[in-house]
Amino acid sequence: MRHKGRARTWLAAAAAATALFVSPTSTAHADAHAHAPQAGRYLNLHQCVYLPSAAVDYFTTVVPSRDGRFTTGTDTSNTAETSRSCGAGDGNFKPSSPWAGVQSLDLSAGRYLNLHQCVYYSDAQHDHITTVANVGASAFAAHSNVSNTPDTTPSCGPGQGQYHLVPLLSDVKALDLTAGRYVNLQQCVYYYGQSPFNDHFTTVVPTTRDGRFATGTKVSDTADTTPTCGTGDGNFALIPLLSGTKALSRT
């Protein structure tokens, strides 16, 4: 496609971005949280995808946006949920079935919540799509899981059709569930509107390969109320209204 080179220019420039550093917790602190009573066995990760009526511009939410119109049902519960819960959109952007769904992660299955983020791009459509859950077509699956092993490499489907995986923006965050009371899920949404682009994309985990699109997703004893997002790359700018955070209590 004639715009393919332009679309990859900003991606290639991110190779020198700095990695995010995660501080270890003390053994005593971890042990205390490991034996605390749980508020919910399952983290129900609702992945909601929206599409405008007049263009191809998918974007993803996993926590409610600040404006409340792009909500999701992501929660912790003793029930493994099987039906996704998504907001109605804003009248222009409406819920779309492709890539949407819910994955119930059993938090009792291990020490680490391995949250995988897979970002795909279509050169023909000038469009990104982000997945964090293993729902829908396997070609776009993000293999988030709970395990006693911290994952270090993202596990993503290869993409399909016009959409291919973008390794630079895909990543995994191993969240140590013994490190605090809250799983703080943060969502950062970016937008590039210069012709021929009309493209939103979402990050949920800190992209260590590209710190400009970072998020503050973490486990902590503090319930986050505002997202911590990277500033973008000069083309893609942060959209605070569509970004958000949700503190999921484990005890």
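Residues numbered from 1 in each chain as written. Predicted model: local features only at pLDDT ≥ 70, side-chain atom pairs only at ≥ 80, totals over all residues. Heavy atoms only, no water.

*Asks:* So, the environment of Pro52: which residues are in play, and what are the values?
*Replies:* For Pro52, the position within the fold is in strand β1 (residues 42-52). Between the C-alpha atoms of Pro52 and Asp90, which are 38 residues apart in sequence, the distance is 9.4 Å. Aside from chain neighbours lying at most four places away, what touches Pro52 is Asp57, Asn92 and Phe93. (Helix = DSSP H or I, 4+ residues; strand = E, 2+ residues; numbered from the N terminus. Contact = heavy atoms within 4.5 Å.)

*Asks:* Give a detailed account of the nonpolar core, specifying residues and quantitative values.
*Replies:* Among the nonpolar cores identified, the biggest contains 21 residues, and Leu43, Leu45, Leu113, Val183 and Leu185 are the most heavily contacted of them. Of all elements in the fold, only β1, β6 (112-122) and β12 (182-192) reach the threshold of two or more residues within this core. Residues within four places of Val183 in sequence aside, it is in contact with Leu43, Leu113, Leu175, Leu177, Lys218, Val219, Lys246, Ala247, Leu248 and Arg250. (Core = buried A, V, L, I, M, F, W, Y, C linked by side-chain atoms within 4.5 Å. Buried < 20%, exposed > 50% of the residue type's maximum accessible area, 1.4 Å probe, protein only.)

*Asks:* Tell me about the packing of aromatic side chains, residues and numbers included.
*Replies:* All told, the structure shown has 14 aromatic pairs when counted by the stated rule. For the ring pair Tyr120 and Phe140, a centre distance of 4.9 Å and an interplane angle of 70° mean the geometry is edge-to-face. Of this pair, Tyr120 sits in strand β6 while Phe140 sits in the loop between β7 (127-131) and β8 (145-147); the two residues are 20 residues apart in sequence, bridging distant segments of the chain. Comparing Tyr120 with Phe140, the two get one shared label, buried. Site record: aromatic cluster; members linked through ring pairs are Tyr190, Tyr192, Phe197, Phe201, Phe213 and Phe236. (Phe/Tyr/Trp six-rings, centres within 6.5 Å; stacked < 30°, edge-to-face > 60°.)

*Asks:* Which residues make up the state of the cysteines, and what values do they have?
*Replies:* Counted under the stated rule, the structure contains three disulfides. Shown here is the disulfide that connects Cys48 with Cys86, its sulfur atoms set 2.1 Å apart. The sign of the S-S torsion, about -90°, decides the handedness of the disulfide formed by Cys48 and Cys86: left-handed. Placement of the pair is Cys48 in strand β1 and Cys86 in the loop between β3 (75-77) and β4 (93-95), with a sequence separation of 38 residues. A residue is classified by how much of its surface remains accessible, and Cys86, at 28% relative accessible area, is partly exposed. Here Cys118 engages in a disulfide with Cys156; their sulfurs sit 2.1 Å apart. The sign of the -90° torsion about the S-S bond sets the Cys118-Cys156 disulfide as left-handed. Of this pair, Cys118 sits in strand β6 while Cys156 sits in the loop between β8 and β9 (159-160); the two residues are 38 residues apart in sequence, bridging distant segments of the chain. (Disulfide = S-S within 2.5 Å.)

*Asks:* Could you give an account of the confidence of the model for the chain, with specific residues and numbers?
*Replies:* Across the chain, the average pLDDT comes to 86, with 84% of residues at 70 or higher. Every residue in residues 1-32 is under pLDDT 50, and counting partners more than four places away or in other chains gives 50 contacts. (pLDDT = per-residue confidence, 0-100.)

*Asks:* So what's going on with the side chain of Asp233? Residues and values would help.
*Replies:* Relative to the helices and strands, Asp233 resides in the loop between β14 (218-220) and β15 (237-238). Buried within the structure, Asp233 lacks any salt-bridge partner; Arg212 is the closest side chain of opposite charge, at an N-O distance of 4.7 Å. At a separation of 2.9 Å, a polar atom in the side chain of Asp233 contacts the main-chain amide nitrogen of Asn235. Within the structure, the side chain of Asp233 is placed 2.7 Å from the backbone nitrogen of Phe236, a separation counted as a polar contact. (Lys, Arg positive; Asp, Glu negative; His and termini not counted. Salt bridge = Lys/Arg side-chain N within 4 Å of Asp/Glu carboxyl O. Polar contact = N/O pair within 3.5 Å; in protein donor to acceptor, adjacent residues only side chain to side chain.)

*Asks:* I'd love a proper account of the pattern of salt bridges, names of residues and values included.
*Replies:* Tallied over the entire structure, the rule returns six salt bridges. The partner of Asp67 in a salt bridge is Arg69, and the shortest N-O contact between them spans 2.9 Å. Classification of Asp67 as partly exposed rests on a relative accessible area of 21%. Exposure remark for Arg69: the relative accessible area of 37% places this residue in the partly exposed category. Residues Arg209 and Asp171 are paired through a salt bridge, measuring 3.5 Å at the closest nitrogen-oxygen approach. In this pair, Arg209 is assigned in the loop between β13 (199-203) and β14 and Asp171 in strand β11 (residues 171-176), connecting sequence segments 38 residues apart.

*Asks:* Tell me what's going on with unusual backbone geometry, and back it up with residues and numbers.
*Replies:* A cis amide bond, omega 10°, links Ser195 with the succeeding residue Pro196. Its place among the elements puts Pro196 in the loop between β12 and β13. Positive phi, normally seen in glycine, also occurs at His126, with a value near 55°. Mapping His126 onto the fold places it in the loop between β6 and β7. Assessed through its relative accessible area of 8%, His126 is described here as buried.

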